[in-house]
Amino acid sequence: MPVITTIDDLKRLHKRRTPKMFYDYCESGSWTEQTFRDNESDFDKIRLRQRIAVDMTNRTTASKLIGQDVTMPLALAPVGLTGMQRADGEIKAARAAEKFGVPFTLSTMSICSIEDVAEHTEKPFWFQLYVMRDEEYVDNIIERAKRAGCSALVLTLDLQILGQRHKDLKNGLTAPPKMTPPVIADLATKWRWGIEMLQTKRRSFGNIVGHAKGVDNMNSLSSWTAEQFDPRLDWNTVRKLKEKWGGKLILKGILDVDDAKMAAEVGADAIIVSNHGGRQLDGALSSIRMLPSIVQAVGDKVEIHLDSGIRSGQDMLKALAMGAKGVMIGRAYIHGLGAMGEAGVTKALEVIHRELDITMALCGRRDVNTFDRDMLLVPEDFEGRWA
Ligand SMILES: Cc1cc2nc3c(=O)[nH]c(=O)nc-3n(C[C@H](O)[C@H](O)[C@H](O)COP(=O)(O)O)c2cc1C
């Protein structure tokens, strides 16, 4: 059993144990991947203030996200095809999150369905919605999420059209994979993945197949998804969906002050400052750089979460100290899942939690809810002067 001390350790195992097509799907950004790289490297530019002679006993990372108690202010981000990284991946990740005491978000494009995840968990999870052209499908999936007891709707607003990721096109990404000679050769070295996949029935898009009109096989599924993301999605649609849902609403993919103001105006409970992990608009600024101006503009009106680039508890601490109330992680937990299944997701959460706890102590803080900019050393030009 390898000794795991960082998310990078899990990433290496993920690469070794998962078919190339799915590892690449996770570990890529759009076009030149500049934004994907910036998301991580911009965290490194921020340094920490070492403080001493502060009583470090009775530390706590417990907090609340949209009013829900959490062990630390972090949620698992919605990740499509999670059940292809490891058999029944969404159920495994949701169970790990539940046991750890943080929210899990199920993607519309998941392999396990809303009902599958609800059946295998006890606490409510969050459901992420992509708005599709087929209104009946959207109404129906909102009802399914309500019936499953989901405690928040995470509406993703930065993917009306798919950013191009070269690796997915070159690998011919599909779920399940098409058995071409290179895929067969790759699978021969990923036997554990294959055996587990053969033991589950969940190998296609569980929220779509059997629920969307005319989608009952792989061919109809791929043409349906290609046509379905609704490019007309606008703030009016957001208002209508808010009404239909009627519960806590989190708007995901906000990266601009004007959009953050609109999100606050429509009455979102929280926003996620995010560039989709660098998978959509390549050339956009990193989330952590955009955070301060968004906090300044709407921090008193709406709860602010951040994702994109978080690979450690130190990154998490920096985001919180810069004004986010919580963070989401995507790849960090997918690396855990691909490496070691449910235990790997738990490991990813433990690694981040430990890093957060020790770092806050060495920064002279005992309570995650008291973080502020005073803990950090931020270069004067960090946000940049962009005209
Ligand atoms: C493989 C992969 C699939 C994703 N699928 C979705 C999705 O289905 N819905 C969504 O809103 N975001 C999706 N995202 C974006 C994540 O929710 C999140 O914004 C991003 O992963 C955060 O960046 P990080 O991976 O650097 O933590 C996906 C991200 C990855 C890496």
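This is a predicted model, so every value here is computed, not measured.

## Overview of the pairing of strand E10 (residues 303-306)
Line of reasoning, step 1. In E10, alternate side chains face the same way, and those of Glu-303 and His-305 on one face and Ile-304 and Leu-306 on the other are all buried.
Line of reasoning, step 2. Judged from the four bridges that link them, strand E9 (residues 270-273) and E10 form a sheet pairing that is parallel. Looking at the pairing, Ile-272 lines up with His-305 of E10.
Line of reasoning, step 3. With helix H14 (residues 287-298) bridging E9 and the parallel E10, this β-α-β connection has right-handed handedness.
Line of reasoning, step 4. Where E10 lies against strand E11 (residues 326-329), two bridges are found, and the strand directions are parallel. Across the sheet, His-305 pairs through a bridge with Gly-326, a residue of E11.

## Notes on unusual backbone geometry
Line of reasoning, step 1. Note the cis peptide between Ala-175 and Pro-176, where omega equals -5 degrees.
Line of reasoning, step 2. With respect to the helices, strands and loops of the structure, Pro-176 is situated in the loop between helix H8 (166-171) and helix H9 (181-187).
Line of reasoning, step 3. The backbone phi angle of Trp-31 is positive, close to 40 degrees, even though this residue is not glycine.
Line of reasoning, step 4. The topology assignment puts Trp-31 in the loop between helix H2 (20-26) and helix H3 (34-44).
Line of reasoning, step 5. Phi is positive for Leu-81, which is not a glycine, with a value near 60 degrees.
Line of reasoning, step 6. Overall, the relative accessible area of 6% leaves Leu-81 in the buried class.

## Focus on the pattern of salt bridges
Line of reasoning, step 1. On inspection of all chains with the given rule, the structure shows 27 salt bridges.
Line of reasoning, step 2. For Lys-64, the salt bridge goes to Asp-69, with nearest N and O atoms at 2.8 Å.
Line of reasoning, step 3. Between Asp-139 and Lys-244 there is a salt bridge; the shortest N-O distance is 2.8 Å. In this pair, Asp-139 sits in helix H7 (residues 135-147) while Lys-244 sits in helix H12 (residues 235-245), placing the two residues 105 residues apart along the sequence.

Thresholds, definitions, all that
- Residues numbered from 1 in each chain as written.
- Predicted model: local features only at pLDDT ≥ 70, side-chain atom pairs only at ≥ 80, totals over all residues.
- Heavy atoms only, no water.
- Buried < 20%, exposed > 50% of the residue type's maximum accessible area, 1.4 Å probe, protein only.
- Helix = DSSP H or I, 4+ residues; strand = E, 2+ residues; numbered from the N terminus.
- Pairing = 2+ DSSP bridges.
- Right-handed = clockwise from strand over helix to strand, strands pointing away.
- Salt bridge = Lys/Arg side-chain N within 4 Å of Asp/Glu carboxyl O.

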